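# Observations on the three-dimensional arrangement
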Amino acid sequence: LVIVLDFGGQYNQLVARRVRECNVYCEIYSYKTDLEKIKEMNPKGIILTGGPNSCYEADSPTYSKELFELGIPVLGLCYGAQLMQHVLGGKVERADVREYGKSHLIVSKENSALFEGVPQESTCWMSHFDYISEIADGFEISSYTKDCPVASCENVEKKLYAIQFHPEVLHTEYGKNMLSNFVMNVCGCAGDWRMDSFVEEQIKAIREKVGDGKVLCALSGGVDSSVAAVLLSKAIGNQLTCVFVDHGLLRKNEGDEVEAVFGPEGHYELNFIRVNAQERYYEKLKGVTEPEAKRKIIGEEFIRVFEEEAKKIGAVDFLVQGTIYPDVVESGLGGESAVIKSHHNVGGLPDYVDFREIIEPLRDLFKDEVRKVGLELGIPEYLVFRQPFPGPGLGIRIIGEVTAEKVRIVQDADAIYREEIANAGLDRSIGQYFAALTNMRSVGVMGDERTYDYAIALRAVNTIDFMTAEAAQIPYEVLNKVMSRIINEVRGVNRVFYDITSKPPGTIEFE
Ligand code: XMP
């Protein structure tokens, strides 16, 4: 185990991911975590993340000196590096200019364990105002850049390493080597944490926990709940019941696809219940145009439907949740990055369902790891690599009132868009893309006739964390083809827009 102590930096999750990419298991904890607790966990290494503060200010996040005296290797990154120096007697000051972006890194110390296999000159990613002006006793500078005299320093004997730049960011060319050097060479981790062992261990743990109990799972067809369901199915088979609510706001054919995989004709041993609640949802959404009101109705209705099904099933022992690690961290439970977004999964926990305990088999995994587990479990690739789809579904991609007719239009347009993106080989490289139905109608001409139809908006964004995003630069020919197919094939549409707004100021979804 390697512990990442989070000081509120924007790349904290990235640090943990990079460590796991070395097949070393790691977890993120707040910098407020007690020293005693850290000792109990007995990690092989500790990484201190960056953060927005200045370590010399009185109320900035800090850690006691004892952390560096445990004999456990510590790597400080950015703020973490400055803090290490500050606490151990070095000096950190505000620089005249902020160093931000790519910098030319020069390794000046020979045989530094951290830079093994790293060329003497390479590119690193800097983002800081403060800098280490004097290193602490016992340390030696190991690299520098033009504007930063201490890009890294180390105390080999005490196994303390400080890096001012960000090795976790891909712009740091050899960043991954440096992190790997730290966890493997300095901390002596074995690097044998793998997905197949995760699957095996989870199945065993689930069997032990569940015994012959009954388990209920709300299946959305998204990656997380699908992988959780399959893991449970492999562990306990028919003791698992999955309820899949088709709210009529799914992508084209999605309901049937989910049923084909998980239903009686499908691949897995489990009880599958599909609830066709389309009409019910459309009825509730009639005349409602305000986005938050729509979201609320969709969420609440999900709870009602799920509740009714759960009542039919009766008491169960466990309820499965597809919670993944970023959910845990973002909800303020793991690291220090406060509550970034309140969890907007449909409706939240149904509090009336009669269950004893919650099972969250994916709680420790990142999204890409969930995908690996999915592949390991033999789940079809199109499900495993499905792009994120919001709980309220097409309800928030239809601006204004939702009707069955509008759902049909946006489903058809979206299916064409997805097909052409896949044909162009872009489906794995764009973060998220979809068609939305604007509430705008305009005049057009088709086959010599005047039309007065809807406009479709195409959205495609690239993003690391879905908190910020940029519009993807889709080749014009691809967009052109999508436009022409949508107008020719989807009744009720006579105009297509491509949305180039970034987030912020836009959001990814339209409502
Ligand atoms: P926004 O529109 O907030 O979306 O920029 C960011 C990411 O979150 C997804 N999203 C949701 N996911 N329930 C979900 O499960 C929701 O209510 C919801 N709203 C947005 C969105 O698809 C994007 O990936």
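Since we're looking at a predicted model, the values are computed, not measured. (Residues numbered from 1 in each chain as written. Predicted model: local features only at pLDDT ≥ 70, side-chain atom pairs only at ≥ 80, totals over all residues.)

### Overview of the UniProt feature "domain: Glutamine amidotransferase" (unreviewed entry) in the chain
Residues annotated by UniProt as "domain: Glutamine amidotransferase" (unreviewed entry) correspond here to residues 4-185. For residues 4-185, the end-to-end C-alpha separation is 17 Å, with 20% helix and 36% strand making up the annotated structure. (UniProt positions renumbered as here; feature names shortened; annotations may be inferred. Helix = DSSP H or I, 4+ residues; strand = E, 2+ residues; numbered from the N terminus.)

### What to know about the nonpolar core
Within the largest apolar cluster, 134 residues are counted, with the highest numbers of intra-cluster contacts made by V215, C217, L232, C242, A413 and I456. If you tally residues by element for this core, the top one is helix 6 (residues 223-236), at 9 residues. Look past the residues within four positions of I456 in its chain and what remains in contact with it is A413, A435, L437, I486, V493 and V496. (Core = buried A, V, L, I, M, F, W, Y, C linked by C-beta atoms within 7 Å. Buried ≥ 20, exposed ≤ 12 C-beta atoms within 10 Å, placed from the backbone. Contact = placed C-beta atoms within 7 Å.)

### What about the site of the ligand?
The full set close to the ligand counts 12 residues, and P390, G391, T507, I508 and E509 are the nearest of them. Along the lines of polarity and charge, the residues of the shell around the ligand split into 5 nonpolar, 5 polar and 2 charged. (Near = placed C-beta within 6 Å. Nonpolar A, V, L, I, M, F, W, Y, C, P; charged D, E, K, R; others polar.)

### With respect to the sheet that holds strand 11 (residues 240-246)
Strand order in this open sheet of 5 strands is 12-11-10-13-14, and the pairing throughout is parallel. Since the sheet does not close on itself, it has two edges, and those belong to strand 12 (271-276) and strand 14 (357-359), each with one partner. Neighbouring strand axes in the sheet, compared pairwise and without regard to direction, differ in orientation by 25° on average. As judged from the 5 bridges shared by strand 10 (residues 215-219) and strand 11, these two strands associate in the parallel manner. (Pairing = 2+ DSSP bridges. Axes fitted to C-alpha atoms, helices over the stretch in contact; angles between N-to-C directions.)

### Quick word on the confidence of the model for the chain
Detailed reading of the predicted coordinates is not advisable wherever pLDDT falls low. Confidence along the chain averages 92 in pLDDT terms, with 95% of residues attaining 70 or more. The low-confidence segment residues 337-348, where pLDDT is below 50, has 23 contacts with residues more than four positions distant or belonging to other chains. (pLDDT = per-residue confidence, 0-100.)

### Focus: the UniProt feature "domain: GMP synthase C-terminal" (unreviewed entry) in the chain
Mapped onto the present numbering, the UniProt feature "domain: GMP synthase C-terminal" (unreviewed entry) falls on residues 419-510. Annotation note: span residues 419-510, helix share 21%, strand share 40%, distance between end C-alpha atoms 21 Å.

### So, helix 4 (residues 175-186)
Owing to its 3.6 residues per turn, the α-helix aligns residues three or four sequence positions apart on the same side. With 12 residues, helix 4 should reach 16 Å at 1.5 Å per residue; the first-to-last C-alpha distance of 15 Å fits that figure. All buried positions along helix 4 are accounted for by G175, M178, L179, S180, N181, F182, V183 and V186. Where helix 4 is buried, its residues meet strand 1 (2-6), helix 1 (12-21), strand 3 (45-48), strand 4 (74-77) and strand 9 (160-163). Note on helix 4: the residue one or two positions beyond its end, G188, has a positive phi of about 75°. (Expected span 1.5 Å × (residues − 1).)

### Looking at the pairing of strand 15 (residues 432-446)
Pairing of strand 15 with strand 16 (residues 449-462), which is carried by 12 bridges, proceeds in the antiparallel orientation. The residue bridging V445 from the neighbouring strand is R450, located in strand 16. Connecting the antiparallel pair strand 15 and strand 16 is a turn made up of 2 residues, with G447 showing a positive phi of about 55°.

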